[in-house]
Amino acid sequence: MAAIYSLYIINKSGGLIFYKDYGSAGRMDTNDSLRVASLWHSMHAISQQLSPITGCYGIELLEADTFDLHCFQSLTGTKFFVVSEPGTQQMENLLKVIYELYTDYVLKNPFYEMEMPIRCELFDINLSQVVQKDRVALLGR
């Protein structure tokens, strides 16, 4: 069973610009993934405003009975979040590596338009390699 169920990348205005499903059961269709991304963007923004702590950056971890949702927000407002098995560790590091791939292969691509869906073959290839390495590392523990 995979430790990572899915990966979402949301632009600063809440639009889903990348979605990848890694789980074998319970695949979502496009509309469901758009709803999840939109809901998460809204919850993240509300949590920033309602937090009693000044300088709060929103929800970073949501734990449920059947999954964990880990989120990383870049300085530009782009959100990267991974839905994983409950109790999966080191997802923050994985999200930072994914962000590095995003900056290296998407933002430096001269044909990519900001805030638009990501269609970059090099990003897809390297992302698959990173997720596979992470799965192997998790199984080895």
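The preceding data block contains the structure.
Attention in this report is confined to the structure presented alongside it. Because the structure is predicted, anything quoted here is derived from the model rather than measured.

### As for the packing of aromatic side chains
As enumerated under the stated definition, the model contains 9 aromatic pairs in all. Measuring from ring centre to ring centre gives 6.3 Å for phenylalanine 72 and phenylalanine 80, while their planes differ by 40°; the resulting arrangement is tilted. Phenylalanine 80 sits in the buried class, given a relative accessible area of 0%. Ring centres of phenylalanine 80 and tyrosine 102 lie 5.2 Å apart, and the angle between their planes is 75°; this geometry places the pair in the edge-to-face category. Taken together, the residues span a long stretch of sequence, with phenylalanine 80 in strand S5 (residues 79-84) and tyrosine 102 in helix H2 (residues 91-107) at a distance of 22 residues. An identical accessibility class is assigned to phenylalanine 80 and tyrosine 102; each is buried. In this structure an aromatic cluster arises from ring pairing among Tyr8, Tyr19, Trp40 and Phe81.

### Topic: the pattern of salt bridges
Applying the stated criterion across every chain, the model contains 2 salt bridges. A salt bridge links arginine 35 to aspartate 32; the shortest N-O distance between them is 2.5 Å. A residue pair is termed a helical-turn pair when its members lie 3 or 4 positions apart in one helix, as arginine 35 and aspartate 32 do in helix H1 (residues 30-50) at 3 residues. Note that lysine 108 and aspartate 104 form a salt bridge whose closest N and O atoms lie 3.4 Å from each other. Taking the relative accessible area as the measure of exposure, lysine 108 reaches 60% and is therefore exposed.

### Here's the deal with the pairing of strand S4 (residues 68-73)
Taken together, the 3 bridges between strand S3 (residues 61-63) and S4 define a ladder with antiparallel strand orientation. Paired with leucine 61 across the bridge in S4 is histidine 70. The hairpin formed by S3 and S4 contains 4 residues between the paired strands. As paired elements, S4 and S5 share 6 bridges and run antiparallel to each other. Residue pairing across strands places cysteine 71 opposite phenylalanine 81, the latter belonging to S5. Connecting S4 to the antiparallel partner S5 that follows it, the hairpin turn spans 5 residues, and glycine 77 within it adopts a positive phi of roughly 95°.

Scoring rules and cut-offs
Residues numbered from 1 in each chain as written. Predicted model: local features only at pLDDT ≥ 70, side-chain atom pairs only at ≥ 80, totals over all residues. Heavy atoms only, no water. Phe/Tyr/Trp six-rings, centres within 6.5 Å; stacked < 30°, edge-to-face > 60°. Buried < 20%, exposed > 50% of the residue type's maximum accessible area, 1.4 Å probe, protein only. Helix = DSSP H or I, 4+ residues; strand = E, 2+ residues; numbered from the N terminus. Salt bridge = Lys/Arg side-chain N within 4 Å of Asp/Glu carboxyl O. Pairing = 2+ DSSP bridges.

Spatial relationships are all this shows, so hold off on functional conclusions.
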